[in-house]
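What the coordinates show
The chain contents come next:
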Amino acid sequence: MDLYYPVNTFGPAMKGMVLGGLGIFHVFLAMFAIGGGMLMCYFQWLAQTGRNPYARRFVDDYFKLLVLISFVVGAVTGVAMWFVSIQVSPRTIGMMVGEFHWVWGIEWTFFSLEITAGYCFYRYSKVLTDTARFRLLLIYAVASWFSLFWINGILSWQLTPGNWPETRWMWDGFFNPSFFPSLLFRTVTAMTVGSLVACVVINAVPWLDRPAKESLIHRAAHLLAPMALMPFLGAWFLFTMPPDSRAMALGGNITMTMFMGASIGASALIGLYALVGMLRQQLYINGATASLLCMLAFVATGGGEFVREGVRKPYSIRKTLYSNSVTQADVARLRKIGCVTNDPYPMRNPEQYPNEQLLLGAKVYRFHCSVCHTVNGANGLSELCSSWSTEQKRLNIAQLQRTKAFMPPFAGNNLELEALVQYVSWENANRPADWKETDDPAVLEQIQRWLDEVGVESGIVLEEHLTQGSTH
């Protein structure tokens, strides 16, 4: 598969941050669509069995919101996800589509069924019998859940590919170790989001009086009961993680630990309020409290998704593709020929660089670093390296996987590494008009020795060697 694509940058915003923010928002909407479908089925059943006199009319009102958000906003953010993903990491997306094209096709079939059922209910629900309404909502709910089922297999494969790296059999990757805990956890999350949004909507409906709102809220709270399983499902998911990823989440990386703590804390607050207040004590929940719980659910979802993405590093597909879309085999090859030697895409505004070495360094940065870093913005290289001496930059970048185990190994030759060091130093010096090229043979030989010494394996593998007592 080709290494080079015409990728774009997003100014001071880190590419991964743009994709992650959009992804978290889209996932939350998807959870709402799935949980909302389940809730509609439940409320329609309450209506047609005479268990709640307000349920039928509320279903019609709630479904309009569901259609508006999941069909319109969900579809827009879904397309945006594909667009941004291709801009950020086209090779990763290409490998995901290439490996699971049949799964994507099946998922899109269920998504089409979900959209069709939803539109039919929106258009004809008022003239349908109760049985027909229930069946249509059931089709909508089942189709949306199966859409999650297929997507979950692909997303969990990125972190825990199981035996897939050895067998390359699609089903080994799809039914990977974290498939079931992830699927069940997301299902409970979807029910929670659907229930909490319903509580907000119930409070906003003007034709409902206080007793009617109480009866509907107590029914909606039934979908919060599975939250009692979340601690066990979360622990199961953690157990299936690779040890290094689990260590990052549990204190090895403070950013991951903080986001995980935020996710757990927000989930715990929702769970305690739901299980003790809403289900056990049958408390009424007003619009402000329901909105606050929804925001906590967003924090919990966002924190969990951030950690799931973050603990994969240095990989985008574990032990197959690094986060900068380079494989280990590519690293060995590019160390010899150079990582941008065959890059056909020129730099914009090349005249801004005082010499050819800085132009080469900028190109190396674009190929090697720009997925996860900016130059001077979010996670900016200039800031991260500002206190390093030139010699430190050379050593730390040459042995990047030792500097930080979640970084991929440097995939380039000694000339490119020196060019990158000079480019970062030039940026740190506020881009002066004149900058002298460096070509000291002794420096280049030292860089090459560092590169040869560390090899092309990831920092995670080097840590495993050290743990096992290897002298590598």
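Residues numbered from 1 in each chain as written. Predicted model: local features only at pLDDT ≥ 70, side-chain atom pairs only at ≥ 80, totals over all residues. Heavy atoms only, no water.

As for the overall build of the chain
A tally of regular secondary structure across the chain gives 21 helices and two strands. If one aligns the C-alpha atoms of the chain with their principal axes, the spans along those axes are about 85 × 50 × 40 Å. Across the 472 residues that make up the chain, the buried fraction comes to 51%. Partitioning the contacts of the chain with sequence separation of at least 6, the portion at a separation of at least 24 is 77%. As displayed, the chain offers around 21,300 Å² of accessible surface, 65% of which is attributable to carbon and sulfur atoms. Considering the chain, the positive charge centre built from 35 side chains and the negative charge centre built from 33 side chains are found 12 Å apart. (Helix = DSSP H or I, 4+ residues; strand = E, 2+ residues; numbered from the N terminus. Buried < 20%, exposed > 50% of the residue type's maximum accessible area, 1.4 Å probe, protein only. Contact = heavy atoms within 4.5 Å. Areas by Shrake-Rupley, 256 points an atom, 1.4 Å probe, with all protein chains shown as cover. Lys, Arg positive; Asp, Glu negative; His and termini not counted. Charge placed at Lys NZ, Arg CZ, Asp CG, Glu CD.)

Some details on the domain arrangement of the chain
Assigned domains within the chain: domain 1 (15-321) and domain 2 (328-470). Interface of domain 1 and domain 2: buried area, both sides summed, is about 1,000 Å²; carbon and sulfur atoms make up 55% of it. When residues of domain 1 are sorted by the area they lose upon contact with domain 2, Lys 15, Lys 313 and Pro 314 head the list and together hold 43% of the total. Along the contact surface separating domain 1 from domain 2 lie two salt bridges. Its salt-bridge partner being Arg 91, residue Asp 330 comes within 2.6 Å of it at the nearest N-O pair. For the pair domain 1 and domain 2, the number of links is four residue pairs in polar contact (both at pLDDT 80 or more). For the side of domain 1 that touches domain 2, the secondary-structure elements that each account for two or more residues are helix H1 (15-48) and helix H11 (243-252). With three residues, the single largest contributor to the side of domain 1 that touches domain 2 is H1. (Domains from an automatic or database assignment. Buried area = accessible area lost by both parts, 1.4 Å probe. Salt bridge = Lys/Arg side-chain N within 4 Å of Asp/Glu carboxyl O. Polar contact = N/O pair within 3.5 Å; in protein donor to acceptor, adjacent residues only side chain to side chain.)

What about a negative patch on the surface?
Together, Glu 356, Glu 437, Asp 439, Asp 440 and Glu 445 give the surface a local cluster of negative charge. Tracing the sequence through the fold places Asp 439 in the loop between helix H19 (414-428) and helix H20 (441-454). By relative accessible area, which is 61% here, Asp 439 ends up exposed. (Patch = residues over 30% accessible without salt bridge, like charges linked within 9 Å, V, L, I, M, F, W, Y side chains within 5 Å.)

Focus on the UniProt feature "transmembrane region" (unreviewed entry) in the chain
According to UniProt, the feature "transmembrane region" (unreviewed entry) maps to residues 20-45, 65-88, 100-122, 134-159, 179-208, 220-239, 254-276 and 283-304 in the numbering used here. Taken end to end, residues 283-304 has its terminal C-alpha atoms 28 Å apart, with 82% of it in helix and 0% in strand. (UniProt positions renumbered as here; feature names shortened; annotations may be inferred.)

Focus on unusual backbone geometry
Of note, the bond from Lys 313 into Pro 314 is cis; its omega dihedral lies within 30 degrees of zero at 15 degrees. When you line up the elements, Pro 314 lands in the loop between helix H13 (287-310) and strand S1 (315-317). Unlike most non-glycine residues, Ser 325 shows phi in positive territory, near 65 degrees. Relative to the elements of secondary structure, Ser 325 occurs in the loop between strand S2 (321-322) and helix H14 (328-337). Using a relative accessible area of 8% as the deciding quantity, one classes Ser 325 as buried.

Remarks on the state of the cysteines
According to the stated counting rule, one finds zero disulfides in the structure shown. The thiol of Cys 369 is unpaired, and the distance to the nearest cysteine sulfur, on Cys 385, comes to 8.7 Å. (Disulfide = S-S within 2.5 Å.)

A short note on the environment of Phe 111
Among the secondary structure elements, Phe 111 is positioned in helix H4 (residues 101-124). Relative accessible area serves as the criterion here: at 34%, Phe 111 is assigned to the partly exposed category. Sequence separation of Phe 111 and Ser 245 is 134 residues, and the distance between their C-alpha atoms is 32 Å.

Structural notes on a nonpolar patch on the surface
Judged by side-chain polarity, Phe 25, Leu 68, Val 72, Val 73, Val 76 and Phe 298 come together as a nonpolar surface patch covering roughly 490 Å² of accessible area. Counting residues per element, the nonpolar patch draws most heavily on helix H2 (residues 55-88), which supplies four residues. Here Val 76 lies in helix H2. Given the relative accessible area of 54%, Val 76 is considered exposed.

Description of the packing of helix H12 (residues 254-280) against H13
Contact geometry for H12 and H13: axes closest at 8 Å, N-to-C directions at 145 degrees. Taken as a pair, H12 and H13 cross one another with a handedness that is left-handed. Within the contact between the two elements, H12 uses Thr 255, Met 256, Phe 259, Met 260, Ala 262, Ser 263, Ala 266, Ser 267, Leu 269, Ile 270 and Tyr 273 and H13 uses Thr 289, Leu 293, Leu 296, Ala 297, Val 299, Ala 300, Gly 303, Gly 304, Phe 306, Val 307 and Gly 310. Here the residues of the contact of H12 with H13 are counted per class, giving 15 nonpolar, seven polar and no charged. (Axes fitted to C-alpha atoms, helices over the stretch in contact; angles between N-to-C directions. Left-handed = near helix turned anticlockwise from the far one by under 90°. Nonpolar A, V, L, I, M, F, W, Y, C, P; charged D, E, K, R; others polar.)

Overview of the environment of Ile 93
Its place among the elements puts Ile 93 in helix H3 (residues 90-99). Along the chain, Ile 93 and Arg 219 lie 126 residues apart, while their C-alpha atoms are 41 Å from each other. Once you skip the residues sitting within four places of it in the chain, Ile 93 turns out to touch Trp 82, Ser 85 and Ile 86.

Thoughts on the side chain of Ser 144
In this structure, Ser 144 sits in helix H5 (residues 130-159). At a separation of 2.8 Å, a polar atom in the side chain of Ser 144 contacts the main-chain carbonyl oxygen of Ala 141. Those residues in contact with Ser 144 that lie beyond four places of it in its chain are Ala 33, Ile 34 and Glu 114.

Concerning the packing of H2 against helix H8 (residues 179-204)
Viewed as axis vectors pointing N to C, H2 and H8 meet at an angle of 110 degrees, and their least axial separation amounts to 11 Å. Relative to H8, the element H2 lies roughly perpendicular. For the pair H2 and H8, the sense of crossing is right-handed. From H2, Phe 58, Tyr 62 and Leu 65 reach across to H8, where they touch Gly 194, Val 197, Ala 198, Val 201 and Ile 202. Along the lines of polarity and charge, the residues of the contact of H2 with H8 split into seven nonpolar, one polar and no charged. (Parallel < 35°, antiparallel > 145°, perpendicular 65-115°, else oblique.)

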